[in-house]
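Fold and contact review
Residue strings, one per chain:
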Amino acid sequence: MRKFTNLLVTGGAGFIGSNFIRYVLNQTGFSGRIINLDKLTYAGNLENLADVQQAFPERYFLEHGDICDKAFVDRVWSEYKVDAVAHFAAESHVDRSILGPGEFIRTNVEGTFTLLEVARDHWKGREDVLFHHVSTDEVYGSLGKTGYFTEQTPYDPRSPYSASKAASDHLVNAWFHTYHLPVTKSNCSNNYGPFHFPEKLIPLMILKLQKGETLPVYGDGKNVRDWLFVDDHAEAIWTVMTRGRPGETYNVGGENEWENLKLVEVLCQTTALALGKDKDAFLPLIRFVPDRPGHDRRYAIDCSKIKKELGWKPRTEFAQGLEKTVAWYLAHSEWVKNVVSGAYKTWMDRNYASR
Ligand code: NAD
Ligand code: TYD
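Once a new chain begins, its residue numbering starts again from 1 and follows that chain's sequence as written. A letter from A marks each chain and a number from 1 marks each ligand, given out in the order of writing. Only residues with pLDDT of at least 70 are given local features in this predicted model, and only at 80 or more are side-chain atom pairs given and counted; all residues enter the totals for whole chains, interfaces and linings. Processing note: side-chain calculations cover all non-hydrogen atoms of the structure and skip hydrogens and water entirely.

We now examine the overall build of the protein chain. Counting secondary structure elements, the protein chain contains 13 helices and twelve strands. Put simply, the radius of gyration uses C-alpha atoms, and a globule should come to 2.2 Å times the residue count raised to 0.38. Scaling as 2.2 N^0.38, a compact globule of 355 residues should have a C-alpha radius of gyration of about 20 Å, and the protein chain matches this with 20 Å. In terms of overall dimensions, the protein chain has a C-alpha envelope of 60 × 45 × 40 Å along the principal axes. Each of the 355 residues in the protein chain was classed as buried or not, and the buried ones make up 56%. Accessible surface is estimated by sampling points in the Shrake-Rupley manner with a 1.4 Å probe; for residues, cover comes only from the protein chains shown. On the protein chain, roughly 14800 Å² of surface is accessible, and the fraction owed to carbon and sulfur atoms is 51%. Two residue types count as positive, namely Lys and Arg, and two as negative, namely Asp and Glu; His and chain ends fall outside the count. The location of each charge is read from NZ of Lys, CZ of Arg, CG of Asp or CD of Glu. Where the 42 positive side-chain charges of the protein chain centre and where its 45 negative ones centre are 1 Å apart. For helices the rule is a DSSP run of H or I covering at least 4 residues; for strands it is a run of E covering at least 2, with both sets numbered from the N terminus onward. For every residue, the accessible area (1.4 Å probe, protein chains only) is compared with the maximum for its type, and the residue is labelled buried under 20%, exposed over 50%, or partly exposed between those bounds.

We call a residue near a molecule or strand as soon as one heavy atom of that residue lies within 4 Å of the molecule or strand. Taken together, 18 residues surround ligand 2, and among them Glu138, Pro216, Arg225, Arg292 and His295 come closest. The separation between an oxygen atom of ligand 2 and a polar side-chain atom of Asn190 is 2.9 Å. In this structure, His295 approaches ligand 2 through a side-chain N or O atom, which is 2.7 Å from an oxygen atom. Look at ligand 2: alone it shows 500 Å² of surface, and the protein chains cover 96% of it. Only helix H7 (201-211) and strand E8 (215-218) provide two or more residues apiece to the shell around ligand 2. Residue type decides the class: Asp, Glu, Lys and Arg count as charged, Ala, Val, Leu, Ile, Met, Phe, Trp, Tyr, Cys and Pro as nonpolar, and the leftover types, Gly among them, as polar. For the shell around ligand 2, the residue count by class is eight nonpolar, five polar and five charged. Between N or O atoms, a polar contact is any pair within 3.5 Å; within protein, one atom must be a potential hydrogen donor and the other a potential acceptor, and residues adjacent in sequence are included only when both atoms are from side chains.

Opposite charge on two side chains makes pairing possible when the charged atoms of those side chains draw close. Definition used for salt bridges: Asp or Glu carboxyl oxygen within 4 Å of a side-chain nitrogen of Lys or Arg. Within this structure, the stated rule accounts for 23 salt bridges. Arg245 is paired through a salt bridge with Glu248; the nearest N and O atoms lie 3.6 Å apart. Assessed through its relative accessible area of 41%, Arg245 is described here as partly exposed.

Now for the sheet that holds strand E4 (residues 84-87). For two strands to be treated as a pair, DSSP must find at least two bridges joining them. The strand order across the open sheet formed by seven strands is E3-E2-E1-E4-E5-E6-E10, and the pairing between neighbours is parallel. Edge positions in the sheet fall to strand E3 (60-64) and strand E10 (249-252), since each has one partner strand and no second. Neighbour-to-neighbour, the strand axes of the sheet open up by a mean angle of 20°, direction not taken into account. As defined by bridge partners, strand E1 (residues 6-10) adjoins strand E2 (residues 33-38) across five bridges and the pair is classed as parallel. Across the sheet, residue Leu7 finds its bridge partner in E2, namely Ile34. Axis lines are fitted through C-alpha atoms, for helices just across the contact stretch, and the angle between N-to-C directions can take any value from 0 to 180 degrees.

Bringing the nonpolar core into the picture now. Here, nonpolar core refers to any group of buried Ala, Val, Leu, Ile, Met, Phe, Trp, Tyr and Cys residues whose side-chain atoms link them within 4.5 Å. Among the nonpolar cores identified, the biggest contains 34 residues, and Ile202 and Leu215 are the most heavily contacted of them. When residues of this core are traced back to their parent elements, those giving at least two are H7, E8, strand E9 (224-229), helix H9 (260-274), helix H11 (318-331) and helix H12 (333-340). Top element by residues in this core is H7. It accounts for six residues. Setting aside residues no more than four positions away along its own chain, Ile202 makes contact with Tyr192, Trp227, Leu263, Leu267, Leu322 and Thr325. Two residues qualify as a contact provided that any one of their heavy atoms is within 4.5 Å of a heavy atom in the partner residue.

Once that is clear, we can look at the sheet that holds strand E11 (residues 257-259). With mixed pairing, three strands are arranged side by side in an open sheet as E7-E9-E11. With partners counted over all chains shown, the strands left at the sheet margins are strand E7 (190-192) and E11, one partner each. The sheet shows a mean angle of 50° between the axes of neighbouring strands, taken without regard to direction. Alignment of E9 against E11, held across three bridges, turns out to be antiparallel. For Val224, the partnering residue across the bridge sits in E11 and is Glu259. Its contacts with the sheet place H9 against E9 and E11, and it is angled at close to 90° to E11.

Remark: H9 packs on H11, axes separated minimally by 10 Å, with the N-to-C direction vectors making an angle of 55°. As the angle between them shows, H9 and H11 are arranged oblique. Read as a crossing pair, H9 and H11 show a hand that is right-handed. Between H9, through Leu263, Val266, Leu267, Thr270, Thr271 and Ala274, and H11, the contact on the second element is made entirely by Phe318, Leu322, Glu323, Val326 and Leu330. Angle categories are assigned with fixed cut-offs, so that under 35 degrees is roughly parallel, over 145 is roughly antiparallel, 65 to 115 is roughly perpendicular, and the rest are oblique. For any helix crossing, the convention is left-handed if the near helix is rotated counterclockwise from the far helix by under a right angle, and right-handed if that rotation is clockwise.

Put into structure tokens, the structure is as follows:
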């Protein structure tokens, strides 16, 4: 089992990063320090980690800055003697990448390059260190009705987001093969759970249901995603970081495929029941809206490698995970109000006024 002392988490104030930090500090026996390097974009929110900040004042540190800023990353690395990285920081929303790809190339590609270069510089030849790159199944492209993405599936990204993540994946692999930088990589399916920014499907729908607004389903609603509860993803990343083989990629998924329309229907029913309403009360709010350009039809992960090699499996049953998520959003309207009233609102108002 690999051990670290000073773990640098990039993008730790975002959805998965904040759940990962909470998971590592509370549930793994890790006794070192976590340094959260985050630019605090519209998607990064320090409220996501208020409990962690309070519970671990001597083991959790925030460094506010940009992964593209080499001097800043270099300073953080030296100051904390970083010996492991969990790299989450990214622009992560496909719709935004369609409207403005520039920031995706900068953060996802240039930012990953910058981190790799600083790692190479500081870790020269060391083998007791690890750079873990968090990536997505979207790099593999789009499936038809059958089949699964394996670690051998050729890359075929279709959106600016997935193309930028694919580029960053290639850089990570290249730094392993060329410079022998100890790396691992995970490619995961769609996550859901608490602290998910309400621009992505599940939290957006819950928010709209709370407000009684219509629910925009893109195209015919038959696109398929494979959903995984965020804590299960955190566990998978930690498993790979501590026991995965250097240079290897591990696919992570929920074995839980849903057509968008079916999922939105279930969400309507889960939310209605949580609010004490008739189960089908919200179904009339569903509306089909124009499709996303280049909308990938189906994602589905074959995660047998991580299951067989490292013993990880998705634990959270979907109905329970959804109930937990809906209950969390209903109980955290202050959090929702705060994130929605920031930069996100301005962007939504400008780009989605008609939806
Ligand atoms: P998110 O958008 O919620 O959070 C991204 C975080 O990165 C934010 O805290 C933001 O402030 C920070 N950040 C953005 N640009 C930065 C920069 N230049 N420098 C420093 N920090 C910066 O994203 P998420 O959904 O938590 O995704 C985290 C990672 O997991 C991403 O790499 C994403 O590609 C990957 N991933 C996400 C999913 C998913 O379903 N959300 C699935 C698989 C993989
Ligand atoms: P999203 O949460 O944006 O994740 P991704 O595009 O990375 O898979 O979207 C999940 C699916 O839901 C995707 O097929 C697009 C669809 N979708 C809608 O139908 N309506 C919406 O308002 C959003 C945000 C997404």
